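# Residue-level structural notes
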Amino acid sequence: MQQQGFAFAREPDEALAPGARVLRGFVCEAGVALWAEVQRVAAAAPFRHMHTPGGRRMSVAITNCGARGWVTDRRGYRYVTEDPQGGAPWPAMPALFGEVAAAAATAAGYPDFRPDACLINRYEPSARMTLHQDVDERDFDQPIVSVSLGLPAVFLFGGAARGDKARRVSLQHGDVVVWGGPSRRFFHGVAPLREGEHALLGRARVNLTFRVAG
DNA sequence: TAGTCACT
DNA sequence: ACTA
């Protein structure tokens with residue numbers, strides 16, 4: 001039976017740019033399990049507010065899991081195998097994370113995606129991410145997979161140059177964005193998170209960013 | 001010496 | 001205030 005409802009109509013998947021797609025509701029019922037795993041990771045490697053090389057405190061709280069974790073401080077951006085806060089290796093990437101990331105990548109046209117890094121960003125209301133590029137990885141042939149959980153957000157997807165006009169894309173709990181190929185190094189960001197309460201996550205949005213870093 | 005995952 |  002076809003979906004007929006205007007009430008539950010959802011925007012279809014769409015291309016954002018060459019090589020970039022939004023997969024709406026891709027996570028489906030796995031959201032609960034993904035959130036449980038995020039909490040396990042955060043128990044071992046707590047969310048913390050890092051600083052940019054310029055010394056500014058980021059509004060987003062960060063942790064990582066997997067073999068490599070992205071960090072930033074006065075010395076710059078880089079991937080490290082140990083949590084600088086405590087010196088232990090980052091928590092292992094949960095199997096479910098790898099499965100969801102690989103499935104999303106395949107659905108977007110990038111088979112055999114095996115990320116070694118999962119950056120976990122926690123946005124509370126007013127937190128934002130200004131336009132930036134993901135360029136700290138070694139192989140730009142590998143795509144980026146970004147999973148949204150919790151409160152909705154407006155994702156900004158620009159172009160190859162900082163000044164390119166950015167598209168505004170509304171992302172809901174369970175949506176996944178994948179970008180690679182010609183759009184692998186495109187500027188992107190997140191508009192300031194609006195107030196709200198999510199049934200599962202409460203007053204927060206959590207984003208999982210999967211990458212092949214090393 | 002340009003560029004900056006930040007702010008106004 | 002750093003690095004590449």
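The shown structure was predicted, so the numbers you read here are calculated from the model rather than taken from an experiment.

## Structural notes on the sheet that holds strand E6 (residues 117-123)
In any sheet, the strands associate via hydrogen bonds between backbone groups, in a parallel or an antiparallel arrangement. As summarised here, the arrangement of the 7 strands in space is E1-E2-E11-E8-E13-E6-E3, forming an open sheet in which the pairing is antiparallel. Each edge of the open sheet carries a strand with a single partner, namely strand E1 (14-17) and strand E3 (61-65). This sheet shows a mean twist of 20° between the axes of neighbouring strands, independent of strand direction. Bridge count between E3 and E6: 5 bridges; the pairing is antiparallel. Bridge pairing in E6 places Ile62 opposite Asn121. The sheet contacts of helix H1 (residues 31-44) involve E3, E6, strand E8 (144-150) and strand E13 (205-211), and relative to E8 the element is tilted by about 95°. On top of the sheet, helix H2 (residues 95-107) reaches strand E2 (20-23), E3, E6, E8, strand E11 (176-179) and E13; it is set at about 120° to E8, its chief contact.

## Remarks on the protein's contact with DNA strand B
Near DNA strand B you find 14 residues, and of these Arg56, Met58, Tyr77, Met129 and His132 are the closest. Per the 4 Å cut-off to the protein, sugar and phosphate atoms form 64% of the nearby atoms of DNA strand B. One nitrogen or oxygen atom from the side chain of Arg56 is found 2.7 Å from a base nitrogen belonging to DNA strand B. A distance of 3.4 Å separates a phosphate oxygen of DNA strand B from a polar atom in the side chain of Arg162. Residues that form the surface near DNA strand B fall into these classes: 5 nonpolar, 4 polar and 5 charged.

## Looking at H1
Helix length check: H1, at 14 residues, gives a terminal C-alpha distance of 20 Å against a target of 20 Å (1.5 Å per residue), a fit within 8%. Burial in H1 covers these residues: Gly31, Leu34, Trp35, Val38, Val41 and Ala42. Angular distribution of buried residues about the axis of H1 spans 115°; they occupy a single face of the element. What points out from H1, more than 90 degrees from its buried face, is the exposed set Val32, Arg40, Ala43 and Ala44. Looking at the packing, one finds that the buried side of H1 touches E3, H2, E6, E8 and E13.

## Digging into the packing of H1 against H2
Where H1 meets H2, the axes come as close as 10 Å, and the angle between the chain directions of the two elements is 130°. Regarding the angle of H1 to H2, the classification is oblique. The handedness of the crossing between H1 and H2 comes out as left-handed. Along its contact with H1, which presents Ala33, Leu34, Glu37 and Val38, the element H2 presents Leu96, Phe97 and Val100. When its residues are assigned to classes, the contact of H1 with H2 shows 6 nonpolar, no polar and 1 charged.

## What about the pattern of salt bridges?
One pass over the structure, following the stated rule, counts 11 salt bridges. Across the pair Arg24 and Glu14 runs a salt bridge whose closest N-O atoms are separated by 2.6 Å. Here Arg24, found in the loop between E2 and H1, pairs with Glu14, found in strand E1; they are 10 residues apart in sequence, far enough to count as distant. Measuring nitrogen to oxygen at the nearest pair gives 2.7 Å for the salt bridge that ties Asp73 to Arg78.

## So, the sheet that holds strand E7 (residues 129-132)
The antiparallel open sheet is built from 4 strands, whose spatial order is E7-E12-E9-E10. Edge positions in the sheet fall to E7 and strand E10 (167-171), since each has one partner strand and no second. Averaged over all neighbouring strand pairs, the angle between strand axes comes to 20°, with direction disregarded. Bridge count for strand E9 (residues 153-157) against strand E12 (residues 188-190) is 3 bridges, and the pairing is antiparallel. Note that in E12 the partner of Leu156 across the bridge is Gly189.

What counts as what
- Residues numbered from 1 in each chain as written.
- Chains lettered and ligands numbered in written order.
- Predicted model: local features only at pLDDT ≥ 70, side-chain atom pairs only at ≥ 80, totals over all residues.
- Heavy atoms only, no water.
- Pairing = 2+ DSSP bridges.
- Helix = DSSP H or I, 4+ residues; strand = E, 2+ residues; numbered from the N terminus.
- Axes fitted to C-alpha atoms, helices over the stretch in contact; angles between N-to-C directions.
- Contact = heavy atoms within 4.5 Å.
- Near = heavy atom within 4 Å.
- Polar contact = N/O pair within 3.5 Å; in protein donor to acceptor, adjacent residues only side chain to side chain.
- Nonpolar A, V, L, I, M, F, W, Y, C, P; charged D, E, K, R; others polar.
- Expected span 1.5 Å × (residues − 1).
- Buried < 20%, exposed > 50% of the residue type's maximum accessible area, 1.4 Å probe, protein only.
- Arc of directions from axis to C-beta.
- Parallel < 35°, antiparallel > 145°, perpendicular 65-115°, else oblique.
- Left-handed = near helix turned anticlockwise from the far one by under 90°.
- Salt bridge = Lys/Arg side-chain N within 4 Å of Asp/Glu carboxyl O.

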